[in-house]
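As a plain string of letters, each chain reads:
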Amino acid sequence: MRKILFLSWLAFIVFHSCNKVTKKENLTNEVVNTKITPVVVGTWNFPKAIEAAAEVIKNGGSALDAVEKGCRAEEANIENQTVGIGGLPDRDGSVTLDACVMNEKGDYGAVVGVKNIKHVISLARKVMEDTPHAILAGKGAEQFAITNGFQQEDLLTEASKKAWEEWKVKSEYKPIINIENHDTIGMLALDAEGNISGACTTSGLAYKMAGRIGDSPIIGAGLYVDNEVGGAVATGLGEEVLKTVGSFLIVELMRQGKSPQEACEEAIKRIVSKPNSNYKDFQVCYIAINKKGEVGSYAIHEWFSYNVFKNEEIKNIKSDFYLKTK
Ligand code: SD4
């Protein structure tokens, strides 16, 4: 009787461990067999930025490298008056830059109010990777940049100086939707390993008060990534994005099962449905990506577009927007 009991116990153990191995093998195969299609998405139509990021991702590079490269391309573009060199200055004539990055591990680094350093996106990455801090501001960030060999240069171009001098005649502060100051670049990428990272870089609102910081470098507002769920990035009037923690909200909505598109729409609705919101007078736009590489976007006003790289192709897509129904 003892012998029978022992043999049946042995048979039970052998059966279950075999079963476990088969299940494990299946799981591994599933992961191995699921080929991830890398995706990059970026706010507005900046061909150089999306091409630079796509190049990285096509060659098996990481999502973080891709978004950094893409943002750098725009920071060096003298013609873009809202990012990097050539950015429109604050009321006192100083160009001050804000940027942040967030990687797949949930690490985040940012710099705010930086003068004379063009590639603030790389500086933000350096803060994330090489300091015990998350945000460095102004002089401290500039000093950190110099110590790390970043090039110092005057960021105020002739064109931006001229625009500022013309603005000074009236000194009227009123953001103009989609024209004056809504070309911040925010990028999100999903790489071949299935990892998501994001980056955002801007000179902020044109003719802002000295010291003003917008949403772009603030975690959860201008950018948020959670590698289990997806990422989101914002462009537009930073004050409104900050007050609704827009990018974090979008990622959390995706976690609850919404698609990137549905989540972006909900985040815009939060802004426009605030009591006394004057949303007709400002623009806010979001883009988002999830783990499946699905992309969504939504804006308050028309004319927001975004670039997507997927399956070897770059497309500029016109975003859906809220005001068409009004
Ligand atoms: C800011 N959100 O500083 C930025 C501005 C922007 O396209 O997005 N411009 O408020």
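As the structure is a computational prediction, the values presented were derived from the model and not from experiment.

**Notes on the sheet that holds strand β8 (residues 230–236)**
Within a sheet, neighbouring strands are paired by backbone hydrogen bonds and run either parallel or antiparallel to one another.
(1) Moving on: Reading across the sheet, the four strands line up as β7-β8-β9-β10 and stay open at both edges, with antiparallel pairing between neighbours. Here the strands that pair on one side only, and so sit at the sheet edges, are β7 (223–226) and β10 (295–299). The sheet shows a mean angle of 10° between the axes of neighbouring strands, taken without regard to direction.
(2) Moving on: As defined by bridge partners, β8 adjoins strand β9 (residues 284–290) across seven bridges and the pair is classed as antiparallel. In the strand pairing of β9, G230 is matched with N290.
(3) Moving on: With respect to the sheet, helix α8 (residues 246–255) is in contact with β7, β8 and β9, its orientation differing from that of β8 by roughly 145°.

**Brief notes about the site of the ligand**
(1) Moving on: Taken together, 15 residues sit near the ligand, with T184, G204, G214, T235 and G238 positioned nearest.
(2) Moving on: Its residues placed into classes, the shell around the ligand shows two nonpolar, eleven polar and two charged.

**Quick word on the nonpolar core**
(1) Moving on: If you look at the biggest cluster of nonpolar residues, it comprises 88 residues, and the most contacted ones within it are A53 and A189.
(2) Moving on: Looking at which element gives the most residues to this core, the answer is helix α2 (residues 47–58), with seven residues.
(3) Moving on: Setting aside residues no more than four positions away along its own chain, A189 makes contact with V39, V40, A53, I57, A63, A66, V67, I196 and S197.

**Brief notes about helix α9 (residues 260–272)**
(1) Moving on: Over its 13 residues, α9 runs 19 Å from end to end, which matches the ideal 18 Å to within 8%, given 1.5 Å per residue.
(2) Moving on: Contact partners of the buried residues in α9: β8, α7 (238–244), α8, β9 and β10.

**Thoughts on α2**
Counting along an α-helix, one turn takes 3.6 residues, and residues three or four places apart therefore face a common direction.
(1) Moving on: In this model α2 runs 16 Å from its N-terminal to its C-terminal C-alpha over twelve residues, within 8% of the 16 Å that 1.5 Å per residue would give.
(2) Moving on: Taken as a whole, α2 has its buried residues at A49, I50, A52, A53, A54, V56 and I57.
(3) Moving on: Where α2 is buried, its residues touch β1 (39–43), α3 (63–75), β5 (185–190), β11 (305–310) and β12 (313–318).
(4) Moving on: Directly beyond the C-terminal end of α2, a positive phi value near 80° is found at G60.

**Remarks on the sheet that holds strand β2 (residues 97–102)**
(1) Moving on: The strand order across the open sheet formed by eight strands is β4-β3-β2-β6-β5-β1-β11-β12, and the pairing between neighbours is mixed. Taken across any chain shown, the strands that pair with only one partner, and hence form the sheet edges, are β4 (135–137) and β12. Averaged over all neighbouring strand pairs, the angle between strand axes comes to 10°, with direction disregarded.
(2) Moving on: Relative to β11, β1 runs antiparallel, the two being bridged by five bridges. Along β11, the bridge assignment pairs T43 with Y306.

**Comments concerning the pairing of β9**
(1) Moving on: The buried fraction of β9 amounts to seven of the seven residues, a majority that puts the element mostly inside the structure.
(2) Moving on: Because side chains alternate across β9, one face comprises the buried residues V284, Y286, A288 and N290, and the other comprises C285, I287 and I289, equally buried.
(3) Moving on: Pairing analysis gives five bridges linking β9 to β10, with the strands arranged antiparallel. From the neighbouring strand, I287 faces β10, where its bridge partner is S297.
(4) Moving on: In textbook terms, the turn of a hairpin is the stretch between consecutive antiparallel strands, and for β9 and β10 this stretch comprises four residues, one of which, G293, has a positive phi near 85°.

What counts and how
Residues numbered from 1 in each chain as written. Predicted model: local features only at pLDDT ≥ 70, side-chain atom pairs only at ≥ 80, totals over all residues. Pairing = 2+ DSSP bridges. Helix = DSSP H or I, 4+ residues; strand = E, 2+ residues; numbered from the N terminus. Axes fitted to C-alpha atoms, helices over the stretch in contact; angles between N-to-C directions. Contact = placed C-beta atoms within 7 Å. Near = placed C-beta within 6 Å. Nonpolar A, V, L, I, M, F, W, Y, C, P; charged D, E, K, R; others polar. Core = buried A, V, L, I, M, F, W, Y, C linked by C-beta atoms within 7 Å. Buried ≥ 20, exposed ≤ 12 C-beta atoms within 10 Å, placed from the backbone. Expected span 1.5 Å × (residues − 1).

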